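# Coordinate inspection notes
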Amino acid sequence: MTQIFQSRRLQEYCSCSLQSNRPLCRLNYFLWQVEDFDLTLVDLKAREHFSPEYLAMQPFHQVPVFESGDFRLYESRAIVRYIAEKYKDAGPNILGSTLEEKALVNQWVDVEAHQFNDFAFAPWSMEYYLSWMMKRPLNEALVAPLYEKLGYFLDVAEKHLSKTKYLAGNFFSMVDLNIAPSLLRVSVLQPELINDRKNVKQWYESITSRPAFKKMLEVDEGWRFPYGPFTNEEAQKLRTS
Amino acid sequence: MGIIVLGSYLSPYTLRVLIELEELGVDYELKLVNLKQGEHRTPEFLKMQPFGQVPVLQDGELTLFESRAITRYLAEKFDGQGTPLLGKSMKEKALVNQWVEVESQNYDRPLISIVEQVVWTPSWGKTTNEEIVAAEMAKLEKVLDIYEVQLTNHKYLAGDFFSLADLGHLPGTHLLVNIGKKGAIFAARPHLNAWWEDISSRPSFKKIMAKTS
C-alpha cells in the first residue's frame with residue numbers, strides 16, 4: 001500500500017511502520033520539519049525489497065532509499081546527514097555547529113547505533129514482536145541480559161543528561177532524533193526503564209513531544225497505541241490489550 | 001599538547017584511527033591500553049569511556065570515542081592537510097557517508113564474528129566454532145558480491161577517489177585475509193581483490209601494520 005504526499009523535489013522509499021522495527025521513521029519526521037516529499041511504502045512482508053527493481057536501487061535489500069533528481073542515497077544515517085547538511089540553515093541544526101559539537105554528535109550517534117540499538121534494543125524489541133506475532137511466550141533467557149544492557153545504557157544517559165539538556169549537548173541533535181522512535185517502544189514494553197530515571201524521563205518527554213515526531217506517528221498506521229509517555233500501569237494495560 | 005590516542009594494536013578500531021592519522025600526516029601520541037589485563041574495564045577508564053572500549057581520542061579539552069566519530073572528526077579538522085578523505089561536494093560526501101555506514105552495518109559485523117572465531121578465539125586458547133564461521137562467511141560473501149559490482153564500476157567505494165569509506169575497511173580486512181587466512185573469498189572476486197591490493201599497498205597502512213607484528 002502506498003501513501004503519497006505532495007512533493008516538490010524529494011522522493012523516498014521507506015517502510016514506515018514502527019511495528020516492523022525499522023528505525024527509519026526518524027528520517028521521515030525530520031524531513032517533515034524541512035520540506036514535503038513523496039513517500040513510497042515498500043512492503044517488506046511481501047519481500048518487495050528483494051525485487052530486481054528494488055535491488056537495482058539498494059543492493060543490500062534494505063530500506064530506506066532517498067532519491068532527489070538523479071541523486072540516490074541509502075543508509076539512513078547517511079541520508080539524515082545529507083539532508084541535515086543541505087538544510088542546516090532552514091531548520092534546526094541537528095549536526096552541531098562547531099567541530100567539537102559535530103564530533104560529539106557523531107560519537108553519540110555511533111553509541112546509539114551500537115551500544116543501544118545493535119547490542120540491546122533491536123534484539124530485545126524483536127523478541128517482544130516475535131512472541132506477540134507468533135503468539136508464543138517471551139524468551140526470558142534472551143531478553144533478561146538485553147534488558148540489563150538497556151539499563152546500563154540508560155544509566156550512562158541519566159548521568160550525562162544531568163549535565164546537558166540533550167544527549168550530545170544543549171541542543172537537539174541527530175542522536176536524539178534517531179533514538180526517539182525506539183524509546184517510544186521502550187515506553188510501552190518496559191516503561192520503568194524510562195520512568196525510573198528522572199533525567200531520561202524528562203529528555204524522553206521533550207524529544208517525543210516535538211511536532212514532527214507527532215506528525216510521523218499520525219502517518220504510521222502500524223502503530224496501535226497513543227503517543228505516551230506511559231506510566232507503568234498504563235503500559236501494562238496496553239500490552240495486554 | 002597534541003593529539004593523544006588511547007588504544008591497542010590488537011584492536012582494529014584503534015588501527016583505523018592510527019592509519020588515518022598517518023594519511024593526514026598528523027603527529028600523535030599513542031597511549032597503550034592493556035586489553036588482556038582488562039585495563040579498559042577499570043573505573044578510571046570507564047570514566048572516560050563508559051562502555052569500556054578503545055580507541056579514545058584526546059585533543060585538548062575534547063575527549064572523543066567511537067572510532068568512526070573519531071575518524072570523521074580528524075578528517076574534518078585536518079581537511080586540506082594530507083590525503084583528502086571526505087569527498088569534495090556535498091553529494092560526494094554523502095556517498096562517502098553511505099559507504100561508511102555500509103561498512104559499519106553490513107561488512108564489519110560478519111567480518112568481526114569470523115575474526116573472533118578464527119583469530120582471537122584460538123589466541124585465548126579456546127576452540128573455533130566452525131558453524132558460526134560458516135554462517136558468517138556465507139553472510140559476508142553475499143556482501144562481497146555487492147562490493148564486487150560496485151568496484152567493477154568505480155575504482156573505490158564512494159567513487160573514483162580514495163576516502164574514509166575505503167580506509168575504514170583496512171584493519172578488519174587485514175585480520176580476515178592476512179591473519180585469518182580467508183583471502184580466497186577476495187581472490188574469487190577480481191575487482192574486489194584489485195581494490196584490496198590497492199588500498200593495502202598504501203604507505204600509511206604498511207607503516208601501522210609494521211608496528212603490530
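Quick summary incoming for the structure in this document. In this text the structure is predicted, and so the values were computed from the model without any measurement.

Here we take up the overall build of chain B. Across its full length, chain B carries 10 helices and 4 strands. Along chain B, helices and strands appear, N-terminal first, in the series β-α-β-α-β-β-α-α-α-α-α-α-α-α. Scored against the burial criterion, the 213 residues of chain B give a buried share of 55%. Across chain B, every contact between residues at least 6 apart in sequence was considered, and the portion connecting residues at least 24 apart equals 65%.

The subject of this paragraph is the nonpolar core. Counting 66 residues, the largest nonpolar core has L74(B), W99(B), Y147(B), F186(B) and W195(B) as its most contacted members. Examining the composition of this core, we find that 10 residues originate from one element, helix α4 (residues 90-123) of chain B, more than from any other. Aside from chain neighbours lying at most four places away, what touches Y147(B) is F60(A), W99(B), V102(B), E103(B), Y107(B), L157(B), H169(B), L192(B) and W195(B). Judged by nonpolar contacts, the second largest core, of 53 residues, contains F116(A), Y204(A), I207(A) and L6(B).

What follows deals with the environment of I114(B). Residues and elements named next belong to chain B. Note on placement: I114 falls in helix α4. Linking I114 and I132, residues 18 residues apart in sequence, is a C-alpha distance of 7.5 Å. With near-sequence residues (within four places) excluded, I114 lies in contact with V119, V133, E136, M137, L140 and L176.

With that settled, consider helix α1 (residues 12-24) of chain B. Residues and elements named next belong to chain B. Look at α1: 18 Å from first C-alpha to last across 13 residues, which is about the 18 Å you get at 1.5 Å a residue. Within α1, 11 of the 13 residues are buried, leaving the element largely enclosed by the surrounding structure. By the burial criterion, the buried members of α1 are P12, T14, L15, R16, V17, L18, I19, E20, L21, E23 and L24. Remark: G25 follows α1 within two positions and exhibits a positive phi of approximately 70°.

All right, on to unusual backbone geometry then. That bond from V63(A) to P64(A) is cis: its omega, 0°, falls within 30 degrees of zero. With respect to the helices and strands, P64(A) occurs in the loop between α2 (52-57) and β3 (65-68). A cis amide bond, omega 0°, links V54(B) with the succeeding residue P55(B). Following the sequence through the fold, P55(B) ends up in the loop between α2 (43-48) and β3 (56-59). The phi dihedral of E66(B) falls on the positive side, at around 75°, and the residue is not glycine. Mapping E66(B) onto the fold places it in the loop between β4 (62-65) and α3 (67-77). One non-glycine residue, K181(B), adopts positive backbone phi at about 60°. Structurally, K181(B) can be placed in the loop between α7 (170-179) and α8 (184-187).

All names here are of chain B. Here we have 4 strands laid out as an open sheet, ordered β2-β1-β3-β4, and mixed in their pairing. Among the strands making up the open sheet, the edge pair consists of β2 (28-32) and β4. Sheet twist, expressed as the mean angle between neighbouring strand axes with direction ignored, is 20°. Taken together, the 4 bridges between β3 and β4 define a ladder with antiparallel strand orientation. Residue pairing in the sheet places D59 in a bridge with L62 of β4.

Attention now goes to a nonpolar patch on the surface. A cluster of nonpolar residues, W132(A), M133(A) and M134(A), forms a patch on the protein surface that exposes about 310 Å² of accessible area. In this structure, W132(A) sits in helix α4 (residues 99-133).

Listed as interface residues are 30 residues of chain A and, on the opposing side, 32 residues of chain B. Carbon and sulfur atoms supply 63% of the area buried between chain A and chain B, which totals about 2,900 Å² over both sides. For the chain A face of the interface with chain B, the top three residues by lost area are F60(A), L99(A) and Q107(A), together amounting to 19%. The interface formed by chain A and chain B contains 3 salt bridges. E101(B) is the salt-bridge partner of R77(A), the closest N and O atoms lying 3.6 Å from each other. Joining chain A to chain B, the criterion identifies 7 residue pairs in polar contact (both at pLDDT 80 or more). Of all elements in the fold, only β4 (71-74), α3 (76-86), α4 and α5 (140-160) of chain A reach the threshold of two or more residues within the side of chain A that touches chain B. Considering each element in turn, the side of chain A that touches chain B owes the most residues, 13 residues, to α4(A). Looking at the side of chain A that touches chain B, its residues break down into 15 nonpolar, 5 polar and 10 charged.

The rules we used
- Residue indices begin from 1 for each chain and proceed along its sequence in written order.
- Here chains are named by letter from A upward and ligands by number from 1 upward, in the order in which they appear as written.
- Owing to the predicted nature of the model, reporting of local features is limited to residues with pLDDT of at least 70; listing and counting of side-chain atom pairs is limited to 80 or more, with chain, interface and lining totals taken over all residues.
- In computing side-chain values, all of the structure's heavy atoms are included and hydrogens and water are not.
- Secondary structure counts use DSSP, requiring at least four H or I residues in a row for a helix and at least two E residues in a row for a strand, with both numbered from the N terminus.
- Between buried and exposed lies partly exposed: a residue is buried under 20% and exposed over 50% of the maximum accessible area for its type, with that area taken using a 1.4 Å probe on protein chains only.
- Two residues qualify as a contact provided that any one of their heavy atoms is within 4.5 Å of a heavy atom in the partner residue.
- Remark: nonpolar core denotes a set of buried residues (Ala, Val, Leu, Ile, Met, Phe, Trp, Tyr, Cys) joined through side-chain atoms within 4.5 Å.
- Here a helix's expected span is defined as the number of its residues, less one, multiplied by 1.5 Å.
- For two strands to be treated as a pair, DSSP must find no fewer than two bridges joining them.
- As a rule, the C-alpha atoms of each element are fitted with a line to give its axis, helices using only the stretch in contact, and angles between N-to-C directions run from 0 to 180 degrees.
- Each patch is built from residues lacking any salt bridge and having more than 30% relative accessible area; the joining distance is 9 Å for like charges and 5 Å for nonpolar side chains (Val, Leu, Ile, Met, Phe, Trp, Tyr).
- Areas reported here follow the Shrake-Rupley algorithm with a probe of radius 1.4 Å; residue values treat only the protein chains shown as occluding.
- By convention in these notes, a salt bridge is any Lys or Arg side-chain nitrogen within 4 Å of a carboxyl oxygen on Asp or Glu.
- The term buried area refers to how much accessible surface (probe radius 1.4 Å) is lost by two components on association, counted for both of them together.
- Between N or O atoms, a polar contact is any pair within 3.5 Å; within protein, one atom must be a potential hydrogen donor and the other a potential acceptor, and residues adjacent in sequence are included only when both atoms are from side chains.
- Note on residue categories: nonpolar means Ala, Val, Leu, Ile, Met, Phe, Trp, Tyr, Cys or Pro, charged means Asp, Glu, Lys or Arg, and polar means any other residue, Gly included.

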